Structures are given as structure tokens and as C-alpha cells.
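Each chain is listed here by its residues.
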Amino acid sequence: MDPKGTIIFTTVGRTNYGFDVFSVNLPSDLNHSKLSDSSETRLTDGVSINYNAQFINHHDQSIVYVSERSGCPRIYSSSIGVPKTQQLPTAAESLFHDRPVIKNNRLYFISAHEQPQQPFKSWSALYSSDLDNQNGDVITRLTPYGVVDFSPAISRSGDFIAVASYGSRPWEGDFHELHTDIVVFKESNPEKRVIVCEKGGWPTWSGDETIYFHRQADDGWWSIFQASFPGDLEFSEFPLTPIRVTPPGVHCFTPAAMHDGSRIALATRRGNQTYRHIEIFEPATKTFYPVTETTNPKFHHYNPFVSPNSEFLGYHRFRGESSPGESMIPNIEPVVSPIKGLRMLRISGSFPSFSPAGDLIAINPDFVDADGGLKVVKSDGTKRWSLLKNRVAFCNCWSPTEKHVIYTSIGPIFEAVRTPVQVARITFHPSDLNNGDRDEIASEIKILTREDTGNNAFPSCSPDGKSLVFRSGRSGHKNLYIMDAVDGEWEGNLRQLTNGPWIDTMPSWSPKGDLIAFSSNRHNPENPAIFSIYVIKTDGSDLKRIHVAGVEGSSEVDKERINHVCWSKDGEWMLFTSNMGSVTAEPVSMPNQFQPYGELYVAKSDGSGLRRLTWNGYEDGTPAWFHGDDKDLDFGKLHLDVQDGDRLNGQFDEPLWIKCDI
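Residues numbered from 1 in each chain as written. Predicted model: local features only at pLDDT ≥ 70, side-chain atom pairs only at ≥ 80, totals over all residues. Heavy atoms only, no water.

Asks: Provide a residue-level description of the overall build of the protein chain, including the pertinent values.
Replies: In terms of regular secondary structure, the protein chain is built from zero helices and 50 strands. Over its C-alpha trace the protein chain gives a radius of gyration of 26 Å, about what one expects of a compact globule, namely 26 Å for 662 residues. In the protein chain, which comprises 662 residues, the proportion classed as buried is 60%. Of all intrachain contacts in the protein chain linking residues separated by at least 6 positions in sequence, the fraction that spans at least 24 positions is 54%. Of the roughly 25,800 Å² of accessible surface on the protein chain, 47% is carried by carbon and sulfur atoms. Counting 63 positive and 83 negative side-chain charges, the protein chain places the centres of these two groups 3 Å from one another. (Helix = DSSP H or I, 4+ residues; strand = E, 2+ residues; numbered from the N terminus. Rg over C-alpha atoms; globule rule 2.2 N^0.38 Å. Buried < 20%, exposed > 50% of the residue type's maximum accessible area, 1.4 Å probe, protein only. Contact = heavy atoms within 4.5 Å. Areas by Shrake-Rupley, 256 points an atom, 1.4 Å probe, with all protein chains shown as cover. Lys, Arg positive; Asp, Glu negative; His and termini not counted. Charge placed at Lys NZ, Arg CZ, Asp CG, Glu CD.)

Asks: Give me the lowdown on unusual backbone geometry, citing residues and values where you can.
Replies: Phenylalanine 238 connects to proline 239 through a cis peptide bond whose omega is -5°. With respect to the helices and strands, proline 239 occurs in the loop between strand S18 (222–228) and strand S19 (243–244). Phi angles above zero are rare outside glycine, and asparagine 105 is one such case at about 60°. Tracing the sequence through the fold places asparagine 105 in the loop between strand S8 (97–103) and strand S9 (106–111). The phi torsion at phenylalanine 120 lies on the positive side, around 60°, for a residue other than glycine. A residue is classified by how much of its surface remains accessible, and phenylalanine 120, at 2% relative accessible area, is buried.

Asks: Got a sec to walk through the nonpolar core? Specific residues and values, please.
Replies: Counting 43 residues, the largest nonpolar core has Ile280, Leu313, Ile533, Val548, Met574 and Phe576 as the members making the most contacts within it. Take this core: its biggest share by element is three residues, from strand S45 (residues 562–567). (Core = buried A, V, L, I, M, F, W, Y, C linked by side-chain atoms within 4.5 Å.)

Asks: Any details on the packing of aromatic side chains? Residues and values, ideally.
Replies: For the structure shown, the criterion picks out 27 aromatic pairs. With a centroid separation of 6.1 Å and 20° between ring planes, the pair formed by phenylalanine 109 and tyrosine 127 is classed as stacked. Of the two residues, phenylalanine 109 is situated in strand S9 and tyrosine 127 in strand S10 (residues 125–130); the sequence distance between them amounts to 18 residues. Note on accessibility: phenylalanine 109 and tyrosine 127 belong to one class, buried. Here the aromatic rings of phenylalanine 235 and phenylalanine 238 are separated by 5.4 Å at their centres, their planes lie at 80°, and the arrangement is edge-to-face. By relative accessible area, which is 17% here, phenylalanine 238 ends up buried. (Phe/Tyr/Trp six-rings, centres within 6.5 Å; stacked < 30°, edge-to-face > 60°.)

Asks: Give a detailed account of the sheet that holds strand S41 (residues 504–509), specifying residues and quantitative values.
Replies: If you walk across this open sheet you meet the four strands as S41-S42-S43-S44, and the pairing is antiparallel. Edge strands, defined here as strands with exactly one partner in the open sheet, are S41 and strand S44 (544–546). Sheet twist, expressed as the mean angle between neighbouring strand axes with direction ignored, is 30°. (Pairing = 2+ DSSP bridges. Axes fitted to C-alpha atoms, helices over the stretch in contact; angles between N-to-C directions.)

Asks: Give a detailed account of the sheet that holds S8, specifying residues and quantitative values.
Replies: Each strand in a sheet pairs with its neighbour through backbone hydrogen bonds, running either in the same direction (parallel) or in the opposite one (antiparallel). Ordered by their spatial adjacency, four strands build an open sheet running S8-S9-S10-S11, and the pairing between neighbours is antiparallel. Both outer strands of the open sheet, S8 and strand S11 (139–141), are each paired with one neighbouring strand and no more. Strand-to-strand twist across the sheet, computed as the mean angle between neighbouring axes with direction ignored, equals 25°. Relative to S10, S9 runs antiparallel, the two sharing six bridges. By the bridge assignment, tyrosine 108 is partnered in S10 with serine 128.

Asks: So what's going on with the environment of valine 602? Which residues, and what values?
Replies: Inspection of the secondary structure assignment puts valine 602 in strand S47 (residues 599–604). Along the primary structure valine 602 and threonine 622 are separated by 20 residues, whereas in three dimensions their C-alpha atoms are 13 Å apart. Once you skip the residues sitting within four places of it in the chain, valine 602 turns out to touch Pro3, Ile339, Trp573, Met574, Leu575, Phe576, Gly609, Leu610, Arg611, Leu613 and Trp625.

Asks: Tell me about the side chain of threonine 292, and please be specific about residues and values.
Replies: Assignment of secondary structure puts threonine 292 in the loop between strand S23 (287–290) and strand S24 (301–306). If sequence neighbours within four positions are ignored, threonine 292 has contacts with His277, Ile278, Pro297, His301 and Tyr315.

Asks: I'd love a proper account of the pairing of strand S32 (residues 384–388), names of residues and values included.
Replies: Most of S32 is tucked away: five of the five residues are buried. Looking at chain direction, strand S31 (residues 374–378) and S32 are connected through four bridges and run antiparallel. When the bridges of S32 are listed, lysine 375 appears paired with serine 386. From the end of S31 to the start of S32, which pair antiparallel, there are five residues, and glycine 381 there has a positive phi angle of about 85°.

Encoded structure:
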């Protein structure tokens, strides 16, 4: 039996993006023309997020691009003056598509619908489809099985394809810069692949004999490199030693070469800039020409692309608060699920927790900002209230027996064992939810843990509502404890459940009340980045590790990083986030993501039956599974057209690991 019910989760940053694709005209003489005078043209319609586009032909500004308007990334085309977008034929079963290119009426794209033979390997591979095929359902895999490819580029003639390839190597855990190589093969013979250059990503062609790509140079600056070779793949000097093109002192990435090879469009991050901008670089003169800094100085701009005749330059960015199209972040939005009968919802916030009846959801709108606090959202998305303001709060658990009680952690997240963080019981009056148009609800805060005990967090309530299991650093190590759900740890109402020099964290009480699942690195205490699922009985007996990535003793299982475990209503399945799918896209091409274990998975409670639920370049996390009657959560009642929410403001971080003070 497949898992059923409704799950809700967060995606880091994704709800804030509001991306659209834009273009500017490129003057032929950059030295005597002001790029800032070029009017910016919006090429997409403001529905959902739209990104990673390419121009289709010489004649106009028609584009092929990725959009998430259908609940997952799919490929569309559009043209200026044509109001309707067209979804293009791709892998129907795929919930992830990226980096589309159309050449000679053939569509090339990255998809992640075929599972590799081993865990901890990316699912991303290159495919193509013939747009002349009327059925549109003939998909050809160009990446050999067992190999991982990202970021395809097609040469000017269409005869050659370049990719950033991980090859058949197992994933080494790299994330900030993927250890990919630049691989080239003929479109007509994809099996014969040549490593043109080692270490590089995001290739772009100038003609059929020169490739530019990005990589982090030895001095720490992301830079553009060039590799030129004869127009065949029999060259005996492969792999080549590439030439660094851009100078140190400025980060340069995601290049797009002009048709004549004299200029490159690229994204830059300068030390005196907070934002990523698009510039044009002339290798012969080592000259940068700014494009977007003057027109949109306080927006990030991503992943430039140029038309085949270099007349137009495109990129994607936040569309702007006043632009036509969607301007609001909905509280809740549906996401396509790979499992029939399992509903998936993305929420604008973190650490969601359903009320017993499922009509309300507790969230932390921002678990880092001091103004984040705790909010309650109607499960149809139409209304939201603040319960706790001007405090950092994270990880919520709604009492399964009390519709007016929520448990949360108050204090900074990601801190040491002695940092004061307290478990709190938040009580409010449900009648206040029906009191006019109020946006705030009065609540009572009862701190359940002693301030001198250090870091106490991640509460999970027992099914009978009487006890809380939580993680505490009071012993000098982060272990699990159980206390009274009303009176807290006072008067002897505290019992240590686990004990040892490791990290036991993020506990989740099973719906039958007999087991507690949690994440721990106790199998490798020296590594704070490796976590697996463990279960333990509530009396501290029968501790077991749940192997979902491989059999006990295999090399794969000790690569697991599994967090945010929770149970299905019947206790037969576990839902969690994991790094088992490696990464799906080049992280440097995207806004900040904290870590590569942000995909959702389910497995049976014994570790068997592993199924992947999400595929994207983002970080999914903090999931919750509704334990009530699913009939109370009629999916058709999700009022997407009347939801309230936050205004899109385009505020998201550059990757925090890109340093501009090298």
C-alpha cells in the first residue's frame, strides 16, 4: 500500500522569488553606447516563477524557459505579443526539468525522472525530444546510464553538446562547487564522450571549437575559463589546461558567449555590491560593461543568455512588487505529488504543524529573524494570525488533544549546547479567530524548561497530550528528554531518554504512542553533519537504527544526512528530508540554499519501500503529516484565488559561501 494523506513542508526562499525573464537590446558598439539606455522587455507573464531561459531563433525574442506554474518545474515557450504560453513535450513522469535549449527544432533539457542504481547520486541527466514529432512523447536519453550531467550547451552548428558532468563517480558530498568536468560529445554519437577540461561548470559555446565555463580559481574567485580545440573529438591533448579569462577581484559565473566569441555575458558579484548583476566582458581588452546595475541596482539578476546573433541579452530576476502578474506570496500552494493519494502542500513559513482538526496550521514565518515568532494559518490559506511576535521561535508541535495549545522553541536556532533556548507552551482562545479582521491573537506563554539548562528545543507531544519529548544540551551533549506537557520539567517531571557524547535531535512521537523517532549521529559522533533515523521505545529500551539508504554495514548508510522525521497517521510510514539524491542543479546558479539534504522522502517504518517525493534545486524541509481525518482537508477547498499572504519583495540572499572579501 502506498502512503496516503496530506503533507505540508517549506522550501527555503522559493516562495519569495517571483522570477520573470527579461531582455535588453545589445548595441553593436559597447564603447560608444550606454547599455543603461536600453529598455528592458519582460518576456514571461508573471505567473509563478520563470527562469533559466534561452532564445529560440535569430528572428525575434521567443524563448524556451522553465516555469513552476503547474506545481513543479516544466518547460514552456513564449513569444512577445503572443499571450498564451505553450508547454513543450518532455518526460511526462518527470517532476523536475531544467536548462532547456532548442536547436534545429529539437529540445534539449535536464530531467530527473530516472532513478540511479545507487543512493547518494544525482538523478539529473540530459534528454532530448523532437519538436517535429506530432505525438511529442518520444524522449531520448543522451546521458549514459550511471552518469550524471548538468547544464547542457549546444554548439552553434548543433553538432556538438557540452555538459558539466559528474561522470559515473559517486557523489563526494560537494555542494558549494560541484566537482564536475566539461564533457563534449557529438549530438549524433552521445556515447562517445570526451573530457575537454577537468573542473568546471555551466559551459557555453562560441562557435564549434571554443567553450567558456566557470569554476573557482585557486585564489578563491569564481572566474570564467576558456578552452579551444579543433573541431573534432580526436584531439590527442584532452583534457586541456584552460585559460583563465576574467581577473581576480570579482566573482564571475554562468557565462553566455556571444556568437562571434569577442564578448561574454556573465553574472558578477563584486565586493562593493550586495547584489548579483549581469555584465558583458570583452576578453581582448579585459573590459567589463555593466548591464543591470544601473537599471535595477537592488535586484539580483541570474544566468544570462544571448540570442544567436547577439542582438538581445536575457536573464531572470525578481519581477518587482508593482509589475503585472502575481505579486503576493500565497500562504499555501499545492505541489505535484509522485504518489497518488498523497497530497503535498508548500507553506510560506517553516516548521508547520497541523491542529487536531486540520483546520489550522502553526508556522514560524522566519526562524532566524527576531520578528519571526509564531503564526497560525487557516489550512485553506485564506487567513493568518500572529500569536507570538518579536521573538525568535522555531519547531512547532500542536497538542493532539487541545485545539488551543501549541508548543514551540524560543531562542536562536543552530546554536551550541549551552546557548539558552527554551521550550514553551503557547495557549490562545480559539474564539479570537472569529473576532473580526484582527491579525494578532492574545496568547499566554508558559516556559516549560529551566533557563540555566541551556539549549532545549524540538518539542514533540505524545498522542494523549500528556508528555513532551524534546532535545536538550543540559548534560553537555544534545540528547533527548521527556517532561510533563503542562507543568514542564519542574517537580520531578523530567526523565532523560537518551544519553551519550553525540547529537540526538528532532524527535517525533509515533501516533500509537509507543515509539519515538529521531535523528542522530551516534554511529559517527565525530561527524556533526551525518545523521540517520533511530527509533526508541518511550521507556528508553529497544533502540534501533532504521536503514533507508542501504543495508547495515554498507558504505552508503554512513553518508546519510536525514532530518525532520515524522510519522504517517497509521505509523506505517516515515517522512523525512535527506541528501540521498545528491544535488539536482549547480548551486552557484541559484539563490542561497543552506545544504544539499533538502529533498523529501518517505519510507516504511522498518526502512523499506523508500520513495522520493521532491526534485528541485532548492532545499525542502520541516515537513509535517496530518494525523486527522483526511476528509477534513478537502483539497478542492484550498482557495488559491482568495488567499492572503505577503507581498513579494524580492529579498533573498546570495549563496552565503560566496565570499567577496578574499
